[in-house]
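What follows is each chain in one-letter form.
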Amino acid sequence: MGTLSIVATPIGNLEDITLRALRVLKEADVIYAEDTRVVAKLLARYEIEKPVKRLDAVTEGKKADEVVARLEAGERVAFVSDAGTPGVSDPGARLVAAVREQLPGVKIEAIPGPSALTAALSIAGLRDGAFTFLGFLPHKKGRQTELKEAAESEIPVVLYESPHRIEKLLGELATLGLGRVSIARELTKLHEEFVAGSPQELLEHFKTHPDRLRGEFVVIVEP
Ligand code: SAM
């Protein structure tokens, strides 16, 4: 039986990769990736030459069977998503579940590393350790319910949001009368920024600096 390694990769800065992750990628027989072009940049930076195959949210079910066959043949298979930790708002979870189900004895190992979630929390300065992670809110059905849950939560709630929806989200949070929200943007990248304030103040901030509406966002809603 082979080994399936679920490998965390950088969320921006290509230096954020562990020695173990690099070794596992170097030793893998094949690397499955959410996007072959994205992982190609990482592999080029560390001079790793390996066969790379695509396994994204759409193909995850079908490709899982391919991975199972490889593991049965004794191969070392690595999986990487586009950024951060696979399975955290990213493909990977269904692959792992399928492999566990079809090959109960096979070794599935975590190669931990960056995640936007933990990176944001590490600089948020929250007083208590507890938090709820909701990832991306649904766009339509269930959105209001989750927003309300976030607003009523007694512990901080962490959300992921894309640049073209961040103003909408802040508007919704303002309507719910929330006091304080933190935003970690472009973590580990050139334009990394951490801002906190009321949703209204943050909306003003982005109105004054429209260029800062670009990039990737982690939003922390405080109780
Ligand atoms: N698996 C990834 C992880 O472990 O964080 C998350 C992937 S999810 C598809 C992408 C979302 O994560 C982005 O929309 C953003 O909310 C957040 N994200 C990823 N990279 C980020 C970064 N460098 N700075 C801030 N947020 C980031």
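**Concerning the environment of Lys-62**
Structurally, the position occupied by Lys-62 is in helix H3 (residues 60-72). Along the sequence, Lys-62 and Leu-95 sit 33 residues apart, while their C-alpha atoms lie 9.3 Å from each other.

**Comments concerning the domain arrangement of the protein chain**
Domain parsing of the protein chain yields domain 1 (3-114) and domain 2 (117-221). Taking only C-alpha atoms into account, the centre of domain 1 sits 29 Å from that of domain 2. With six residues of domain 1 at the interface, the matching set in domain 2 holds eight residues. Taken together, the two surfaces of domain 1 and domain 2 that pack against each other cover about 530 Å², and 61% of this comes from carbon and sulfur. Looking at the side of domain 1 facing domain 2, the largest losses of area belong to Ile-11, Val-88 and Ser-89, adding up to 70% of the total buried there. The interface formed by domain 1 and domain 2 includes zero salt bridges. Summed over the shared surface of domain 1 and domain 2, the result is one residue pair in polar contact (both at pLDDT 80 or more). Per-class residue counts for the side of domain 1 that touches domain 2 are two nonpolar, three polar and one charged.

**As for the sheet that holds strand S3 (residues 52-54)**
On the basis of which strands lie adjacent, the open sheet formed by five strands has the order S3-S2-S4-S1-S5 and parallel pairing. The two strands at the open ends of the sheet, each matched to only one other strand, are S3 and strand S5 (107-111). Direction aside, neighbouring strands of the sheet carry axes that sit 25° apart on average. Pairing of strand S2 (residues 30-33) with strand S4 (residues 76-80) involves four bridges; the strand directions are parallel.

**Digging into the nonpolar core**
Counting residues in hydrophobic clusters, the biggest one holds 20 residues, and the most contacted among them are Leu-170, Leu-173, Ile-183 and Val-219. Residue assignment for this core shows that the elements contributing at least two residues are helix H6 (143-152), strand S7 (157-161), helix H7 (166-175), strand S8 (181-185), helix H8 (199-208) and strand S10 (217-221). Ignoring anything within four residues of it in the chain, the contact list for Leu-170 reads Val-181, Ile-183, Pro-199, Leu-202, Leu-203 and Phe-206. Among the nonpolar cores identified, the runner-up in size contains 18 residues, and Leu-95, Ala-98, Val-99 and Val-106 belong to it.

**Overview of unusual backbone geometry**
The backbone of Ser-89 sits at a positive phi, close to 55°, despite the residue not being glycine. Turning to its location among the elements, Ser-89 is positioned in the loop between S4 and helix H4 (93-102). On the basis of relative accessible area, Ser-89 is assigned to the partly exposed category, the value being 31%. The residue Thr-188 is not glycine, and still its phi comes out positive at about 70°. For Thr-188, the position within the fold is in the loop between S8 and strand S9 (193-197).

**Focus on the site of the ligand**
The full set close to the ligand counts 19 residues, and Thr-85, Asp-90, Ala-116, Tyr-160 and Phe-217 are the nearest of them. One nitrogen or oxygen atom from the side chain of Asp-90 is found 2.8 Å from a nitrogen atom belonging to the ligand. Within the backbone of Phe-217, an N or O atom sits 2.6 Å from an oxygen atom of the ligand. Considering the ligand on its own, with 570 Å² of exposed area, one finds that the protein chains cover 92% of that surface. Judged by the proximity of its atoms to the pocket grid, the ligand belongs to the largest pocket. For the shell around the ligand, the elements supplying multiple residues, two or more each, are S7 and S10. The residue inventory of the shell around the ligand, partitioned by class, reads 10 nonpolar, four polar and five charged. In terms of domain composition, the shell around the ligand takes at least three residues from each of domain 1 (3-114) and domain 2 (117-221).

Parameters and conventions
Residues numbered from 1 in each chain as written. Predicted model: local features only at pLDDT ≥ 70, side-chain atom pairs only at ≥ 80, totals over all residues. Heavy atoms only, no water. Helix = DSSP H or I, 4+ residues; strand = E, 2+ residues; numbered from the N terminus. Domains from an automatic or database assignment. Contact = heavy atoms within 4.5 Å. Buried area = accessible area lost by both parts, 1.4 Å probe. Salt bridge = Lys/Arg side-chain N within 4 Å of Asp/Glu carboxyl O. Polar contact = N/O pair within 3.5 Å; in protein donor to acceptor, adjacent residues only side chain to side chain. Nonpolar A, V, L, I, M, F, W, Y, C, P; charged D, E, K, R; others polar. Pairing = 2+ DSSP bridges. Axes fitted to C-alpha atoms, helices over the stretch in contact; angles between N-to-C directions. Core = buried A, V, L, I, M, F, W, Y, C linked by side-chain atoms within 4.5 Å. Buried < 20%, exposed > 50% of the residue type's maximum accessible area, 1.4 Å probe, protein only. Near = heavy atom within 4 Å. Areas by Shrake-Rupley, 256 points an atom, 1.4 Å probe, with all protein chains shown as cover. 1 Å grid on protein atoms, 1.4 Å probe; cavity = no way out; pocket = protein on both sides within 12 Å on 5 of 7 lines; lining within 4 Å. Sits in = over half its atoms within 2 Å of the grid points.

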